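Report on the structure
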Amino acid sequence: MVFNTKKNVYRLEAWCFDHVECSGLVKENWEINEKGDAPHILLSKLRRINNAFRVWACNKKDKWGLNWVKGHSGANTILGIRKETNEWTFDLKEIGGLFYKHFASIFNSEAEPECFEDYFHKYGYLFENPKCKVGVEDSAKLGRVHSKNEVRQAVSQLGPLKSPGPDGIPAAFYQKYWSIVKEDVINGALYTLNSGNVHKEFNKTFIVLIPKNDCPERVGDFRPISLCNVIMKVVTKCIANRLKAVMDDLVSPFQSAFIPNRSIADNIVIAQELLHVINHKSKLLPHDGQEMLAEYTFASRHDLGNYLGLPTCIGPSKRDLFKFLADQTKRRLSSWNNIFLSAAGKLTLIRSVLFSLSLFSLSVFRILVSVTSKLHSLMVHFWWSGTRTNKSIHLCSKDFLSKPVGEGSLGFRNIGCFNQALVAKSAWRILSVPGSLISDVIGPKLGHQDDTLFQKRWKAPQASSWALKSLV
């Protein structure tokens, strides 16, 4: 395990890009001529820009009396890890060795060639779909030379303030000063795309460990992510944009996530209905038949656990079942109690974090009014809450907060209406995307036919899952 003892890389901050002086700073340092191929020229200019911004920002912060050290840096340090023997270790080199050993065993590919033949022999029929092929015309489109417009489009599609890679420069820099840097960025990206040669500096990444829970103790409680340099993101984005046009033909219809015009909610609805049918059918079989079915399925269990974070068995008490939505919202709010937030900060957390916690559930199930009302009340209380010593005072009703921003409100989503809209969107996919997996599996159960699109109202069979009943 090798540890990096060099000084931390300076990361350009977004506030610098809004300063008047920085435009001239970029132009002055970028227009210095460099010799070499396109990647070398681009890398040299990026290093010069990083150093120039470091000096400029440091001088400004000293002049303005700002604290250079970030207050939360200590919270992102792993000080100790529990070993397999249940003992704690606080030695940094040993901690690094434990992580290296853990992830090396996971990503080791030595055994793959031996087991792939068995896997293909068992599941090879899944690869025999005649649709999963690239035609001659599509193949020609994928293999053509990349253009400047593709690079320009890729740069504009990147998140401006996503965490930068080892060069410390975020995508916002390229987007802000595109008129200055575009020629060298395009040349560097096209050299990589069209030649197939990736400069080793382009491909350097930071490996960051993200906790899977609130109190990680073991190496298995972390998952790694890679922070790539922006220029490498541009290269991969160009490739991804080309592949988007043929992904629907290449990827099996059973894969619903990360493919355009598909939704992971489709798999949830299908899984809910499938498990419900298996449970219902197993109760009609004799005892010997139930034991035989249990060998191949989980139908003999009363509690099948969760699938993609949602309960698989939904009984008559929907209120108790969906109580977990309010519980997870409370847990998240409790973690923010000790943080002093501005009004803008609270509004951002409510819109981006709290609503996303229950997004899957709202997309699949029709949630009871009592549950959605409770969720809405928790968010409104958090909005009006003050410090620990002050009681919250609600200056207007929660219904007013749900009105549009144009009417003088804050635009909080009405969770009940939002739930209806998401479920209706799933139902609409059955009608609007014929040939999709959910349309082929769920459509016939609802009586949907191509020639009777809106001629009759859908009706779910009586012995259906709650997910299917929610669609109608």
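Coordinates for the structure precede this section.
Scope of this entry: the structure provided in the associated data block.

Cut-offs applied
- Residues numbered from 1 in each chain as written.
- Predicted model: local features only at pLDDT ≥ 70, side-chain atom pairs only at ≥ 80, totals over all residues.
- Heavy atoms only, no water.
- Patch = residues over 30% accessible without salt bridge, like charges linked within 9 Å, V, L, I, M, F, W, Y side chains within 5 Å.
- Areas by Shrake-Rupley, 256 points an atom, 1.4 Å probe, with all protein chains shown as cover.
- Salt bridge = Lys/Arg side-chain N within 4 Å of Asp/Glu carboxyl O.
- Helix = DSSP H or I, 4+ residues; strand = E, 2+ residues; numbered from the N terminus.
- Phe/Tyr/Trp six-rings, centres within 6.5 Å; stacked < 30°, edge-to-face > 60°.
- Buried < 20%, exposed > 50% of the residue type's maximum accessible area, 1.4 Å probe, protein only.
- Lys NZ or Arg CZ within 6 Å of the ring centre and 35° of its normal.
- Axes fitted to C-alpha atoms, helices over the stretch in contact; angles between N-to-C directions.
- Contact = heavy atoms within 4.5 Å.

Moving on: a nonpolar patch on the surface. Judged by side-chain polarity, Val134, Ile239, Leu243 and Leu250 come together as a nonpolar surface patch covering roughly 270 Å² of accessible area. Take Leu250: it is sitting in helix H10 (residues 230–250).

Attention now moves to the packing of aromatic side chains. All told, the structure shown has 15 aromatic pairs when counted by the stated rule. Here the aromatic rings of Phe173 and Tyr174 are separated by 5.6 Å at their centres, their planes lie at 85 degrees, and the arrangement is edge-to-face. Taking the relative accessible area as the measure of exposure, Phe173 reaches 0% and is therefore buried. Among the aromatic residues, those joined into a cluster by ring pairs are Phe17, Trp30, Phe53, Phe173, Tyr174 and Tyr177. Residue placement shows Lys346 over the ring face of Phe382; its charged tip is 5.8 Å from the ring centre. The ring of Phe418 carries Arg413 above its face, with NZ or CZ at 4.4 Å from the centroid.

It is worth spelling out the packing of helix H14 (residues 323–334) against helix H15 (residues 343–357) at this point. Orientation of H14 relative to H15, taken along the N-to-C sense of each, is 145 degrees, at an axis distance of 9 Å. Contact with H14, carried on its side by Gln328, Thr329, Arg332 and Leu333, involves Val353, Leu354 and Leu357 of H15 and no other residues of that element.

Right, let's get into the environment of Leu359. Within the fold, Leu359 resides in helix H16 (residues 359–364). Relative accessible area serves as the criterion here: at 34%, Leu359 is assigned to the partly exposed category. Distance in space between the C-alpha atoms of Leu359 and Phe418 is 9.6 Å, their sequence separation being 59 residues. If sequence neighbours within four positions are ignored, Leu359 has contacts with Phe418 and Leu422.

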